[in-house]
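# Remarks on the overall topology
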Amino acid sequence: VNDLGEIMRKRLIWNIISIIITLSVFGFLHFTENWKSSPEKIASILAQGEIDITFKGEVSKKYMKILTVERTPEFFKDTHNTDIINEIKYFFSYFNLDLEIEEQREDELFKAFERIYSQAQYKIVKAEKKDEDIYISVDVYPINTMIQFEDEYIKIKKEIEQDINSGKLKATKSEKIRILTEKSLDKFFELSQKNIEFQDLKTLSLKVNKVSTGHFQVDTDSLAQIIEEIVPYKSLKSPY
């Protein structure tokens, strides 16, 4: 069984790695060129753009204008692709699936998660300045696919264990994981093609920090938590 704290740290770390790649290169606001806009407005544009990169792989013209370094649409798409790859890695870790099969079905997995990500529903509601930082309220409708899949995964796992206990199936531990992976992925791909269902609306807070240069930057931990809430899993620990 995976440790509760460790499995959550893995997802947070994978999210932050990708986010830091983005923010360290171009995530600072060119505040001196946008002095007519309020810090709250600029921070809202930055927050919208950072979430868009993860789930859509594209950003608005307004976002492009506040960057200190010019970047091409391909750059944003590459960052988006990295986010999806990190989500796949977390998915396999969470359910303790066979990593060899991950490599074999890499293209299918990428397309499935890309479709799920593309359905994300979120909206920047308001920005409020507190001391030197700004807090962005974000309305999200959490995607229900991973919750649905976990229910199916548990059913498949129980069926395999029953077959092994009854003698109907003979398998080593590694063979059991492989069988579980293959059957679970078939169900996951089936779910990923259906109409996406959502949970009830949640309003979350995204922190935008003021740094020593006077510019603003999205807080990486805060952004990672927003991403986790948009694509939530059923529990805080692996069911395996």
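Every value quoted in this text rests on a predicted model; they were computed, and no experiment measured them.

## Structural notes on the packing of aromatic side chains
Between two aromatic rings, the relevant description is the distance of the centres plus the angle of the planes. Taken as a whole and judged by the stated rule, the model has 20 aromatic pairs. A ring pair is formed by Phe 91 and Phe 113, whose centres lie 5.3 Å apart and whose planes are at 75°; its orientation type is edge-to-face. Here Phe 113 lies in helix H6 (residues 106–118) and Phe 91 lies in helix H4 (residues 73–94), a separation of 22 residues in the sequence. Accessibility classification places Phe 91 together with Phe 113 in one group, the buried group. The rings of Tyr 90, Phe 91, Phe 92, Tyr 94, Phe 95, Phe 113, Phe 149, Tyr 153, Phe 188, Phe 189 and Tyr 233 are connected pair by pair, giving a single aromatic cluster. Geometry around Phe 75 places Arg 71 over its ring, the cationic atom sitting 4.6 Å from the centre.

## Describing the packing of H6 against helix H8 (residues 173–192)
At their nearest, the axes of H6 and H8 sit 10 Å apart, and the two run at 35° to each other. Considering the relative orientation of H6 and H8, their crossing is left-handed. Contacts between H6 and H8 involve Glu 108, Leu 109, Ala 112, Phe 113, Arg 115 and Ile 116 on the former and, on the latter, Leu 185, Phe 188, Phe 189 and Ser 192. Of the residues contributing to the contact of H6 with H8, the split by class is seven nonpolar, one polar and two charged.

## Overview of the nonpolar core
If you look at the biggest cluster of nonpolar residues, it comprises 56 residues, and the most contacted ones within it are Ile 51, Phe 91 and Phe 188. Sorting elements by how many residues they give to this core places helix H2 (residues 39–55) first, with eight residues. Those residues in contact with Phe 188 that lie beyond four places of it in its chain are Phe 91, Leu 109, Ala 112, Phe 113, Ile 116, Met 146 and Phe 149.

## Here we look at the packing of helix H7 (residues 145–166) against H8
Running from N to C, H7 and H8 point in directions that differ by 145°, and their axes come no closer than 9 Å. As for the relative orientation of H7 and H8, their crossing is right-handed in sense. Where H7 abuts H8, its residues Met 146, Gln 148, Phe 149, Glu 152, Tyr 153, Ile 156, Lys 157, Ile 160, Glu 161 and Ile 164 lie against Lys 176, Ile 179, Leu 180, Lys 183, Ser 184, Lys 187, Phe 188 and Leu 191.

## Digging into the confidence of the model for the protein chain
Across the protein chain, pLDDT averages 85, with 82% of residues at or above 70. H6 holds the highest mean pLDDT among the elements of the protein chain, 97, whereas helix H1 (residues 4–26) holds the lowest, 48. Note that residues 1–5 has pLDDT below 50 and, in this model, ten contacts with residues that lie over four places away or in other chains.

## Points about the sheet that holds strand S3 (residues 202–210)
Read across the sheet, four strands follow the order S1-S2-S3-S4 without closing on themselves; strand pairing throughout is antiparallel. Because the sheet does not close on itself, it has two edges, and the strands there are strand S1 (121–130) and strand S4 (216–218). Here the strands of the sheet are splayed against their neighbours by 30° on average, with no regard to which way each runs. Relative to S4, S3 runs antiparallel, the two being bridged by three bridges. By the bridge assignment for S4, Asn 209 is matched with Gln 217. Strands S1, strand S2 (133–141), S3 and S4 of the sheet are contacted by helix H9 (residues 220–230), whose axis makes an angle of about 160° with S3.

Thresholds, definitions, all that
Residue positions are given per chain, counting from 1 as you read along its sequence in written order. In keeping with the model being predicted, local features are shown solely for residues with a pLDDT of at least 70 and side-chain atom pairs are shown and tallied solely at 80 or more, while totals for entire chains, interfaces and linings include all residues. The basis for every side-chain value is the complete set of heavy atoms in the structure, and neither hydrogens nor water enter the calculation. Any Phe, Tyr or Trp ring, taking Trp's six-membered ring, that has another such ring centre within 6.5 Å forms a pair; planes under 30 degrees apart are called stacked, those over 60 apart edge-to-face, and the others tilted. Secondary structure elements follow DSSP: runs of H or I no shorter than four residues count as helices, runs of E no shorter than two count as strands, and numbering proceeds from the N terminus. Buried means the residue's accessible area, taken with a 1.4 Å probe over protein chains only, is under 20% of the maximum for its type, while exposed means over 50%, and partly exposed covers the values in between. Placement of a charge over a ring requires the Lys NZ or Arg CZ to be within 6 Å of the ring centre, with the centre-to-atom vector within 35 degrees of the ring normal. For helices, the fitted line uses only the C-alpha atoms of the stretch in contact; every axis is such a line through C-alpha atoms, and the angle between N-to-C directions lies from 0 to 180 degrees. In this scheme, a crossing is called left-handed if the near helix is turned counterclockwise away from the far one by less than a right angle; it is called right-handed if the turn is clockwise. Here, two residues are considered to be in contact whenever any of their heavy atoms come within 4.5 Å of each other. Residues are sorted three ways: Asp, Glu, Lys and Arg are charged, Ala, Val, Leu, Ile, Met, Phe, Trp, Tyr, Cys and Pro are nonpolar, and all the rest, Gly among them, are polar. Nine residue types can take part in a nonpolar core, namely buried Ala, Val, Leu, Ile, Met, Phe, Trp, Tyr and Cys, and a core is a set of them joined through side-chain atoms within 4.5 Å. Every residue is assigned a pLDDT by the predictor, reflecting its confidence on a scale from 0 to 100. Pairing between strands requires that DSSP locate at least two bridges from one strand to the other.

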